[in-house]
Amino acid sequence: MKSHAYNFTPTGLVTVAGPPFAVVLLISGLLHLAGIVGLLPEPRSVQDMDHTVLSHQIHASATPASIALIGDSSCLMDVSGRLLGQELRRPVSNLGTMSLLDLTAFASLASNAVSATKGSATVVLLVHPDFLMRPTADPRVLCDFQAIRQGASPSREPEVPAEWAASILATDLFRDSIESTARSFPLSGEFGRRYGFTDQIRAAIGRDLGLVDPRKYRFVRREARPFEVSPRLEGQFQALRGLLPTHVRLDVGITPIPESEAEADFGPRHSRALKTVSEWIGGDVRILADLPAYLPDSEFATRTHLSEEGRLRFTRLLAKNLSAEGLGR
Amino acid sequence: MLFNSGTFALFFAAFAGLYWLVRNSLVGRNRLILAASWLFYGWWDWRFLGLLIGSSLLDHRLGIAVEEATGTRRRRLVAFSVAVNLGLLGVFKYTGFFAESLAALIRSLGGTPDWPTLNIVLPVGISFYTFQSLGYVLDIDHGRIKACRDRVQFLAFVAFFPQLVAGPIERASRLLPQFQTPRVITTDSIRTGLWLVILGLFRKVAVADPCGALADIAFAQEHHTTAGVVLGVAAFALQIYGDFAGYSDMARGIARLLGFELMENFALPYFATGLRTFWRRWHISLSEWLRDNIYIPLGGNRFGDFRTLRNLFVTMAVGGFWHGASWHFVAWGAWHGLALVAAFAARPLAGKWPAWVRWPLVVAVVGFGWLLFRVPDLSTARSMILALGDGTAPVWVQSACIYLAWFSVPLLTLDLAQSRAGSPDWGARLDPIPRAGLQGVLLFAIAVAWKREPATFLYFQF
């Protein structure tokens, strides 16, 4: 017994299913064309937290500040630039980023800030021990960083089929140029709960010159790697110093880790790491040796970021250290 | 395997090829549908396939036995089917809930409950296929249909993959005969099927999932605000509608591409100007199931106003509990039950009100219901309800308003067009150029919103 019949021709099928896909290609083609002739709004990298922070900090680096903080996410999350500025009575700019950049990227942000500043300027590099142990940055993030600096969409060579499709269909172009101009993007998890949307992240960094990590730290036992600075960073540290004008003072510090994650010899290793960095940079670098290597677990949001209370304490400690080094009141 | 995933696209492409090969064998077609449906279901968790197969086989046997039996034996067989099907739901869906509720009661009386926490995994779609299978036995008992003697046909009817995990809960009288007769796939069925798939994907991927992100933020707030609660409820209302109606559209579209016809499960519910009308337009297959198997057997509206109101309330409360083993779902069902009772009582007065007065009232009642539905627990519901009166707004209010408008306006525009056209197939009935333009724009919007990790459907948890 016959079960089902196909009462149509192949031509009929193409006539029904083909045109909508042809329209998709037409829209994609028009978007590509509009992008080429410059009809689309300037791309805004605000679709997630990392890109929003990166984009904000690149723009913020053009703001004059006598003290420019640069570094990884621990610099952004562990320091309230506003409080630091109040403590030191100097304009501060916190250019810490969320993404896995390298020291030369940090240096280019600092270099922007220094050029925008009249008079003496100090650059303070703050990084987490994890950063110092990691030999390389994420090349994709570096690619995004360069693209955003040049005012372009953070597009890169597609690697997986979905990225190829987004590139060919111009959906990434639509998101970066049109959707990002029209609306903000919601954040997920605890950051969504605290900040809401990417626009509020930008506003918060602008207001507080730093961000609060709203999560709650819980100790998880993991295989401990002894803290040692990756030798591959030597060249990067030298490049960092080389990118900054000679009259600019450079201070370097390491952000703390939770007490329960600090091995018995973490203190000596921490001091040794600072000494190594100091030797690599050489000359006039000042080491913030009195910053705590670790703090109580209760002052952490994650193993790499302090909590709201912890960052206030650390900011004051940083201010004290910088004052002792001749900055501030 | 989700409809909004590349895996399903590959699965369906392979299935369509095999489906073409078996076009000359009714038995072969039904066997293929059954095998594909079991593969589709087993993709989530193969261990629960046994549950699906076992309960379907039992209901198949019971259907025949009920038809052949009379009197007490027949009643016992029906009661056995009800007990087994609801028992399965009870074990997998409600055991943990009752154990926790009993423990809370004992603790409130000063006792110490002494049993381990139960973490029973809920088999996906169990509420849907259980009701469909049970409905078949009840329909035979009520003389609405004849028992199906062909086991493969019946198993394919219960497991039919387009509607297996989230409905529509099909009545055997509608769907089962379609497994017994040849189907014809025409250019028109392809055109309308494709339209429904595109519309469903758009509702799910380009509306429901983004709105869900806003609802997540609003409902997770530590300190709720008036505007935050209102925006969160609005976002969730769009999310659950886009998600569930989108799934139903895709289910109907996929079935139609195979020559099958599934019932309409959503008929522009947010345009309803009465609460009863809302329930005739929202999750229609469940509303009909509850009406035929709970409301009418309880007496319906045949025994005076008091019994009618009681029956309405009980039916809605059961409907709420069907959705999930949690007190906030019970509260949601009870809220709608009370609202229906109030609407029934106010009929002589409210019936004369113009639509522009009734519509906002329905939206408010339904919206308040969604608050109860979406909260994780009743204490959160309490703090959100209290926040409604304080006149405050979160810092993200402006971003949220723009965001909501960005996603809701296209959805409501499509619904308005459907309302004017009077048919869910309207997008397939347009002239060729506007049809291609509309479907192309929707496809592009889907591509923009597409996520590599597809979001699951809300109703899979029920």
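Calculation criteria
- Residues numbered from 1 in each chain as written.
- Chains lettered and ligands numbered in written order.
- Predicted model: local features only at pLDDT ≥ 70, side-chain atom pairs only at ≥ 80, totals over all residues.
- Contact = placed C-beta atoms within 7 Å.
- Helix = DSSP H or I, 4+ residues; strand = E, 2+ residues; numbered from the N terminus.
- Axes fitted to C-alpha atoms, helices over the stretch in contact; angles between N-to-C directions.
- Left-handed = near helix turned anticlockwise from the far one by under 90°.
- Nonpolar A, V, L, I, M, F, W, Y, C, P; charged D, E, K, R; others polar.
- Pairing = 2+ DSSP bridges.
- Expected span 1.5 Å × (residues − 1).
- Buried ≥ 20, exposed ≤ 12 C-beta atoms within 10 Å, placed from the backbone.
- Bend = angle between axes of the 7 residues up to and from the residue.
- Domains from an automatic or database assignment.
- pLDDT = per-residue confidence, 0-100.

Participant: Talk me through the interface of chain A and chain B; I want residue IDs and the actual numbers.
Facilitator: In this assembly, 34 residues from chain A lie in contact with 41 residues from chain B. It is helix α1 (residues 10–37) of chain A that contributes the most residues to the side of chain A that touches chain B, 10 residues altogether.

Participant: Which residues make up the packing of helix α4 (residues 81–88) of chain A against helix α14 (residues 308–324) of chain A, and what are the values?
Facilitator: Residue and element names in this part refer to chain A. Where α4 meets α14, the axes come as close as 9 Å, and the angle between the chain directions of the two elements is 40°. You can see that α4 and α14 cross each other, and the crossing is right-handed. Residues Leu83, Leu84, Glu87 and Leu88 of α4 form the contact with α14, whose own contacting residues are Leu312, Thr315, Arg316, Leu318, Ala319, Leu322 and Ser323. In the contact of α4 with α14, the residues fall into 7 nonpolar, 2 polar and 2 charged.

Participant: Any chance you could break down the sheet that holds strand β5 (residues 249–254) of chain A for me, citing the residues and the numbers?
Facilitator: Overall, parallel pairing links the 5 strands, which are arranged β3-β2-β4-β5-β7 (chain A) in an open sheet. On the outer flanks of this sheet lie β3 (92–94) and β7 (286–287) of chain A, each paired with one strand and no other.

Participant: Break down helix α15 (residues 355–374) of chain B for me, with residues and values.
Facilitator: Spanning 20 residues, α15(B) covers 28 Å between terminal C-alpha atoms, matching the ideal 28 Å at 1.5 Å per step. Structurally, α15(B) contributes buried residues whose contacts are with α8 (187–219), α9 (226–257), α10 (275–281), α13 (327–345) and α16 (378–387) of chain B.

Participant: So what's going on with the pairing of strand β1 (residues 183–186) of chain B? Residues and values would help.
Facilitator: The alternating pattern of β1(B) places B:Arg183 and B:Ile185 on a buried face, while none of B:Val184 and B:Thr186, on the opposite face, is buried. Here 4 bridges tie strand β1 (residues 4–7) of chain A to β1(B), and the two strands are oriented parallel to one another. Paired with A:His4 across the bridge in β1(B) is B:Arg183.

Participant: An account of unusual backbone geometry is requested, with residue identities and associated values reported.
Facilitator: In this model, A:Ala170 sits at a positive phi of 65°, which is unusual for a non-glycine residue. Within the element layout of this structure, A:Ala170 appears in the loop between α8 (161–169) and α9 (171–182). Residue class for A:Ala170 comes out buried when judged on the 25 C-beta atoms lying within 10 Å of it. Residue B:Leu268 is not a glycine yet carries a positive backbone phi of 50°.

Participant: Could you give me a rundown of α8(B), with the residues and numbers involved?
Facilitator: All names here are of chain B. Across its 33 residues, α8 extends 45 Å between first and last C-alpha, which sits within 8% of the 48 Å expected from 1.5 Å per residue. Considering bend angle alone, the principal kink of α8 is centred on Ala208 and spans about 35°; proline Pro210 follows within four residues of it. The buried fraction of α8 is high, at 31 of 33 residues.

Participant: A description of the domain arrangement of chain B should follow, citing residues and the corresponding values.
Facilitator: All names here are of chain B. The domain boundaries assigned to chain B delineate domain 1 (6–182) and domain 2 (188–461). Distance between the C-alpha centres of domain 1 and domain 2: 25 Å. Across the contact, 22 residues belong to domain 1 and 22 residues belong to domain 2. Looking at the side of domain 1 that touches domain 2, the elements with two or more residues in it are α4 (71–108), α5 (126–141) and α7 (172–180). Residue classes in the side of domain 1 that touches domain 2 are distributed as 12 nonpolar, 7 polar and 3 charged.

Participant: Any details on the confidence of the model for chain B? Residues and values, ideally.
Facilitator: Per-chain confidence: chain B averages 93 in pLDDT, with 99% of residues scoring 70 or above. Two summary scores accompany this predicted model of the complex, namely pTM at 0.91 and ipTM at 0.89.

Participant: Would you mind going over the pairing of β5(A) in detail, with residue names and values included?
Facilitator: Residues and elements named next belong to chain A. Summarising burial for β5: 5 of the 6 residues are buried, a large majority. Judged from the 6 bridges that link them, strand β4 (residues 122–127) and β5 form a sheet pairing that is parallel. Opposite Leu125, over in β5, you have Val252 as the bridge partner. Here β5 runs beside β7; their pairing, made up of 2 bridges, is parallel. Bridge pairing in β7 places Asp251 opposite Arg286.

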